[in-house]
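As a plain string of letters, each chain reads:
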Amino acid sequence: MRNPRNPLSELLTHRHSCRAFLDDPVPLSDIRHLLQAARRAPSGANLQPGMFHVYTGQPLAEMTAQLTLIAQQPPEEELYSYFPRPMPEFLKQRQRDAGYALYQALDIQKRDTEGRRRQFAANYRFFDAPVGIVVTLHRQMGAGCFMDLGMALMSFFLAAQELGYGTCGIGALANYGRAIHRLMALPDEETVVCGIALGRPDITAAVNSFRTSRAPAEEYCTLHGFADGEGE
């Protein structure tokens, strides 16, 4: 029987992508705690794939300044495919709905292409969070290691939520993976996967007021061997 007071259930219910942050610094001790939480995620053969490159203060300011310049260029050919190609219509609709909810919260109209561009550009400033993280993966890791890395990221997000931080995954960094690789002087074998914005959430910001919906279980789950009505 589900315990309604289970703190994990609360964390999962209230976790969301935070896109506006306070300026409060994040102590190194908290960063270490979150990284350790990420490493406790399940990992096939205990490979523990993925590297976390953590920036704050002046190094973060310099990084975001360079990323802003990089993002003014056309996107590169992706080093890995984030979205399905072609994307099925039902997934396109989910994407549209999420975008509509975001822009509605920001009062950005459908034809306001400049407003949408400015909001997307905030990805490359880590949404002005006090901590920005670039996540990389060894090029020779198999596709399953992306799954392991995803579990590590979710462990990081939930641990941050528990400490009162907001987070946002930033897949847009992969649009310029090669340029970011050069900017960071990464080893040849590392691939830029995504970014993370981390900090205390600004609860007064309109962009933090919207929530994306989730599909009901009937859309993605089939049940076998259960009696009709069981668990209702």
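Just so you know, these numbers come straight off a predicted model, no measurement behind them.

Asker: Explain the environment of alanine 206 to me, please; I cannot follow it from the model alone.
Answerer: Summarising the element assignment, alanine 206 is placed in the segment after β4 (190-199). For alanine 206, a relative accessible area of 39% corresponds to the partly exposed category. Along the backbone, alanine 206 and leucine 102 are 104 residues apart, and their C-alpha atoms lie at a distance of 9.4 Å.

Asker: So what exactly am I meant to see when it comes to a nonpolar patch on the surface here?
Answerer: A cluster of nonpolar residues, Leu8, Leu12 and Met154, forms a patch on the protein surface that exposes about 250 Å² of accessible area. By secondary structure assignment, the location of leucine 8 is in helix α1 (residues 7-14). The partly exposed category is assigned to leucine 8, whose relative accessible area is 42%.

Asker: For this particular structure, what's the right way to read unusual backbone geometry?
Answerer: Along the chain, arginine 85 connects to proline 86 via a cis peptide bond; the corresponding omega equals -5°. With respect to the element layout, proline 86 can be found in the loop between α3 (57-70) and α4 (89-105). You will see that glutamine 48, though not glycine, has its phi angle at about 50°, which is positive. Among the structural elements, glutamine 48 can be located in the loop between α2 (28-39) and β1 (51-56). Unlike most non-glycine residues, aspartate 128 shows phi in positive territory, near 60°. As for its placement among the helices and strands, aspartate 128 is situated in the loop between α5 (113-121) and β2 (131-138).

Asker: So what exactly am I meant to see when it comes to the sheet that holds β4 here?
Answerer: The strands that make up a sheet pair up through hydrogen bonds in the backbone, lying either parallel or antiparallel. Strands sit in the order β1-β2-β4-β3 across an open sheet of 4 strands; the sheet is antiparallel. Each of the sheet's edge strands pairs with one partner strand only, and the pair in question is β1 and β3 (166-170). Neighbour to neighbour, the strand axes of the sheet diverge by 25° on average, direction disregarded. Alignment of β1 against β2, held across 6 bridges, turns out to be antiparallel.

Asker: In this structure, what is going on with helix α7 (residues 177-184)? I would like to understand it.
Answerer: Given 3.6 residues per helical turn, the α-helix brings residues three or four places apart onto the same face. Buried residues of α7: Gly177, Ala179, Ile180, His181 and Met184, and no others. Its buried side turned inward, α7 meets β1, α3, β2 and β4. A positive backbone phi angle near 55° is found at alanine 185, which sits one or two residues after α7.

Asker: Help me understand the packing of aromatic side chains in this model?
Answerer: In this description, a pair of aromatic rings is defined by centroid distance and the angle of the planes. Per the stated rule, a full pass over the model turns up 5 aromatic pairs. Where phenylalanine 52 meets phenylalanine 156, the ring centres are 6.0 Å apart and the plane angle is 15°; that geometry is what we call stacked. With phenylalanine 52 in strand β1 and phenylalanine 156 in helix α6 (residues 143-162), this residue pair connects regions lying 104 residues apart in the sequence. No difference in accessibility class separates phenylalanine 52 from phenylalanine 156, as the two residues are buried. With a centroid separation of 6.4 Å and 85° between ring planes, the pair formed by phenylalanine 156 and phenylalanine 157 is classed as edge-to-face. Both residues of the pair, phenylalanine 156 and phenylalanine 157, count as buried. These aromatic residues form a ring-pair network of at least three members: Phe52, Phe156 and Phe157.

Asker: I tried to follow the nonpolar core on my own but got confused; where do I start?
Answerer: Soluble globular proteins tend to pack their nonpolar side chains together in the buried interior. Core analysis: the biggest nonpolar cluster contains 25 residues, and Phe52, Ile133, Val135, Leu153, Phe156, Ile196 and Leu198 have the highest contact counts within it. Counting residues per element, the ones that place at least two in this core are α2, β2, α6 and β4. Looking at this core element by element, the count peaks at 7 residues for α6. Met63, Ile70, Phe126 and Phe127 belong to the second largest nonpolar core, which has 24 residues in total.

Asker: What's the story with the packing of α3 against α7 in this structure? I'm lost.
Answerer: How two helices pack is summed up by the angle between their axes together with the distance between the axes. α7 packs onto α3 with a crossing angle of 145° between their chain directions and a minimal axis gap of 11 Å. As α3 runs across α7, the sense of the crossing is right-handed. On α7, the residues touching Met63, Gln66, Leu67 and Ile70 of α3 are Ala179, Ile180, Leu183 and Met184. Among the residues forming the contact of α3 with α7, the class breakdown is 7 nonpolar, 1 polar and no charged.

Definitions and cut-offs
Residues numbered from 1 in each chain as written. Predicted model: local features only at pLDDT ≥ 70, side-chain atom pairs only at ≥ 80, totals over all residues. Heavy atoms only, no water. Helix = DSSP H or I, 4+ residues; strand = E, 2+ residues; numbered from the N terminus. Buried < 20%, exposed > 50% of the residue type's maximum accessible area, 1.4 Å probe, protein only. Patch = residues over 30% accessible without salt bridge, like charges linked within 9 Å, V, L, I, M, F, W, Y side chains within 5 Å. Areas by Shrake-Rupley, 256 points an atom, 1.4 Å probe, with all protein chains shown as cover. Salt bridge = Lys/Arg side-chain N within 4 Å of Asp/Glu carboxyl O. Pairing = 2+ DSSP bridges. Axes fitted to C-alpha atoms, helices over the stretch in contact; angles between N-to-C directions. Contact = heavy atoms within 4.5 Å. Phe/Tyr/Trp six-rings, centres within 6.5 Å; stacked < 30°, edge-to-face > 60°. Core = buried A, V, L, I, M, F, W, Y, C linked by side-chain atoms within 4.5 Å. Left-handed = near helix turned anticlockwise from the far one by under 90°. Nonpolar A, V, L, I, M, F, W, Y, C, P; charged D, E, K, R; others polar.

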